[in-house]
Amino acid sequence: MESAAEPAAPLPGPAEPQDPPAAAPEPVGNPSDALLAEGELTVRGRIQEASNAVLYCTVAYDGRSASCVYKPVAGERPLWDFPDGTLAQREVAAYEVSRACGWDLIPPTVLRDGPYGTGMVQEWIDPPESSDEVPELLALVEDEEPGPGWKAVGLAQIGEGRTALLVHADHPRLRRLAVLDAVINNGDRKGGHLLPGAGGEFFAIDHGVTFNAEDKLRTLLWGWAGEPLTDEALEVLRGLERALEAGRPLAARLAELITDAETEALRTRVAGLLRSGRHPEPSGEWPAIPWPPV
């Protein structure tokens, strides 16, 4: 069954300034985190295509400024399978885990007060100046097997009774993201959630539907399913397992963002990946691919 959602709640009027929410972890070591957390947040516009309220903003602090995205909790859609008002915290938790892995896959993300109340604030990713810098990560091909440098996901209907093979790039950064998604139990890894950055890099966004204690993994990155994890991934997972031990800084930050049961399920997923030494395969108990896939 897919997550069912009611229409997004209208945003309230601008809120009075509040103290930073108790759930917000202290930014550590990343200058972008401090800018996002402490800077003056100014709303410039709204991104209309988003399913939840997503506001384009600028943030300025101590002579520095940057563009960012602000997702107030007040604009979140209720979901049947996630507690109301928790998506912003899950986005921050995903960033914290990504940063602990050392993979820099998710833009800097903090939880803070803003013009419409508490919400997630994330660094804006500017697109490349040239289309030549945009990496080709997903494609539909009419061949039965993926070509060199590609991994097969499955067959997709493309209209008029025709099917095509959905493939994704056999890209090391994409493979790291597949591991991260398995760790955080991402229920919504779509193609549109991969943003190209400068120099051929890409970043992953939209991590509100993560960290459920039940298996919810839905992704377009099944091309490595069942294959052995890389030595790099195993080393990172061993480090993450240590970082998630009770009393460690990462565990303390996550305790402020997700429930104890969700943190324990996170530890269980990391341990399971290390025990199997392989990328997970679809469970069959939950739709394996998000809809719509883009």
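Everything in this summary refers to the structure shown in the same document. Fair warning: this is a prediction, and the values are worked out from it, not measured in the lab. (Residues numbered from 1 in each chain as written. Predicted model: local features only at pLDDT ≥ 70, side-chain atom pairs only at ≥ 80, totals over all residues. Heavy atoms only, no water.)

Moving on: helix 1 (residues 31–38). The set of residues buried in helix 1 consists of S32, D33, L35, L36 and A37. Buried residues in helix 1 make contact with strand 2 (55–61), strand 3 (64–72), helix 2 (87–101), strand 4 (109–112) and strand 5 (119–123). (Buried < 20%, exposed > 50% of the residue type's maximum accessible area, 1.4 Å probe, protein only. Helix = DSSP H or I, 4+ residues; strand = E, 2+ residues; numbered from the N terminus. Contact = heavy atoms within 4.5 Å.)

Right, let's get into the sheet that holds strand 3. Reading across the sheet, the five strands line up as 1-2-3-5-4 and stay open at both edges, with antiparallel pairing between neighbours. On the outer flanks of this sheet lie strand 1 (40–46) and strand 4, each paired with one strand and no other. For this sheet the average axis-to-axis angle between neighbouring strands, irrespective of direction, equals 35°. Two strands pair when backbone bridges link them, and strand 1 and strand 2 are joined in this way by six bridges, in the antiparallel orientation. Counterpart to T42 in the pairing with strand 2 is T58. Helix 1 contacts strand 1, strand 2, strand 3, strand 4 and strand 5 of the sheet and is inclined by roughly 25° relative to strand 4. Relative to strand 4, helix 2 is tilted by about 145°, and along the sheet it contacts strand 3, strand 4 and strand 5. (Pairing = 2+ DSSP bridges. Axes fitted to C-alpha atoms, helices over the stretch in contact; angles between N-to-C directions.)

With that out of the way, let us pick up the sheet that holds strand 6 (residues 138–141). Strand order in this open sheet of three strands is 6-8-7, and the pairing throughout is antiparallel. In this open sheet, the two strands that pair with only one neighbour each are strand 6 and strand 7 (150–159). Each adjacent strand pair in this sheet contributes to an overall mean axis angle of 30°, direction not counted. Two strands pair when backbone bridges link them, and strand 6 and strand 8 (residues 162–169) are joined in this way by four bridges, in the antiparallel orientation.

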